[in-house]
Structure formats: C-alpha cells, structure tokens
Amino acid sequence: MAKAVVLAGGEGTRLRPLTYYFQKAMLPIGPRQRPLLEYILQLLRLHGLQEVVLLVGYRAEQVMNYFGGGEGLGLRIRYILDEPQLRGTAGALLNALHKGAISERETLLVYYGDILSDIDLTQLLRFHMGCGGAATLAVSRRYPLPVGVVKVRGRRVLELREKPSLGLRVTMGILALEGRAIRLIEGRLRERGGADIMADLIPQLLRSGEKVSAYETEAFWYDVGSVERYERLNSEVDFAALEGLLMGLADRRAGA
C-alpha cells in the first residue's frame, strides 16, 4: 500500500489576508466550515491510505492541534516540519526523506494541501503501478477559465462564451511518486536552496530518462489557492455530494 504525503506547510501568499490568521490548508470551507485539509484526509481514508505524512511549516500548530495523531479520522498521522534550507515542495519531500518519514523504497501519493477533489486515488495508484514509472501525474482533461471568452471581428462581438473549458490537459496537484525519484533533485536543491515538484523535480525526471505517466480523469477538482477562488468556493462546489462521498462512504467502509 502506498503512503500518503500532504503538502501543508506553505504560507499561502495568494490567500492573504486570510492566511495571516490561518494555515491555508486549515481554511474553513463548506456549510459545516470544516478545514480544507479534513476533506483531503477523508479522501485518503476513503481509498485506504491510512498512513499519512503531513509536511508542515507555517502555522504548523493549527494543523497539529486540530488533527493530532489522526485517531479521530481513523488515520495514523506523522508530522514533519519544513527546514529553511530545503525550500519548496520538492525540498519538503527531500526533508521528509532525510528524516525517515518516507523511504526510497516506498510508493507515495503526494497531494497538495490547497486542492479539493473527489478523484479516485485507488485507480490512480493502480494505474501508476501498471505503468511502472517514477511518477504519475493526475491530469484533468479540461480547464475551466474563470472569465468569459469573446470572439471579435473588427469592433464587433460575434460570440461570447462565459467561462468555457479549454481542451488543455492540466496537472491537478495530485501525483503518485516513487520515493527513489526524490534523490534526483538533491543537486538542484544544493545549488538554489529550494526546488518545487512540478517546476523542478518532474522536469528533472524527464531529463534523466525516467518514465512519467499521465492519469487522465474527469474527476471534480478545485484549486482553493487564491482569495478569489476561496470566495467562489461555496457557489461552485456541491458540498452535499462531496460530503456524502467523503464522510458517508468512508464511515460505512470503516464499519464494514
């Protein structure tokens, strides 16, 4: 079984001033005002990922005090504090590797702490195992623009499409990753003091000839990473359906 790793240490600069008071993964969302991170952890539990490593830094106490050891959710949670000399999301992974929370022999399910989704993690991991590569990115087949798109001829508007979905494949902030792949970023981290998963680690894997696969999905996902996105969250997400899936089904599985 894979081990889950959740990135929950960023300062959330795009969510200020909210994140002056909250860790971004702890922002209350939905009608019940549960922390965003609780939805993520429930999704992991639903798919049998009971061992979770939370990579924390900024306002770590909020996360640790709320979730504790994870017993209340039926999980085993370990916390790893970010180190200043290992900045960025890839730096946080390498820090967890150095501290023994994850190993090079493990398959990891890496989840960004500002992403809300109902993605089938079981299928993602099964797909990753079947591909036999170093990493598998969860990829959405379409990306909805937050604005309307206008077709113009001269000064005349011919067509207006309000918030259309582009036919672009975009990463969702969720991936399966072999622990051995993390070592490939050490050189870049020494040079720059920091590195990110998507901007540095995945390109380094590709340059090294490692296999990186795409798990394409139509699953719902929502990036809560800005104030504008946070303010639109309740109007754009069906929380009744999401909570029915994450809380209801997870509780029934646990009692089965």
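Described in the following lines is the structure provided in the data block. (Residues numbered from 1 in each chain as written. Predicted model: local features only at pLDDT ≥ 70, side-chain atom pairs only at ≥ 80, totals over all residues. Heavy atoms only, no water.)

**Some remarks on the sheet that holds strand β14 (residues 212–217)**
Here comes step 1: The mixed open sheet is built from seven strands, whose spatial order is β5-β4-β1-β6-β13-β8-β14. The sheet is open, and its two edges are formed by β5 (76–81) and β14, each paired on a single side. The average undirected angle you get between the axes of adjacent strands in this sheet is 25 degrees.
Here comes step 2: Summarising the sheet, strand β4 (residues 51–56) and β5 pair through six bridges and their orientation is parallel. (Pairing = 2+ DSSP bridges. Helix = DSSP H or I, 4+ residues; strand = E, 2+ residues; numbered from the N terminus. Axes fitted to C-alpha atoms, helices over the stretch in contact; angles between N-to-C directions.)

**Observations concerning the packing of aromatic side chains**
Here comes step 1: All told, the structure shown has three aromatic pairs when counted by the stated rule.
Here comes step 2: Where Y39 meets F239, the ring centres are 5.8 Å apart and the plane angle is 65 degrees; that geometry is what we call edge-to-face. With Y39 in helix α1 (residues 36–46) and F239 in helix α8 (residues 239–255), this pair connects stretches of sequence that are 200 residues apart. The two residues Y39 and F239 agree in class, both being buried.
Here comes step 3: Their ring planes at 55 degrees and their centres at 5.5 Å tell us that F127 and Y215 sit as a pair that is tilted. With F127 in helix α4 (residues 121–131) and Y215 in strand β14, the pair connects residues that are 88 residues apart, well separated along the chain.
Here comes step 4: Judged by its relative accessible area of 31%, F127 is partly exposed.
Here comes step 5: Here the basic side chain of R229 rests over the ring of Y222, its NZ or CZ set 3.9 Å away from the ring centre. (Phe/Tyr/Trp six-rings, centres within 6.5 Å; stacked < 30°, edge-to-face > 60°. Buried < 20%, exposed > 50% of the residue type's maximum accessible area, 1.4 Å probe, protein only. Lys NZ or Arg CZ within 6 Å of the ring centre and 35° of its normal.)

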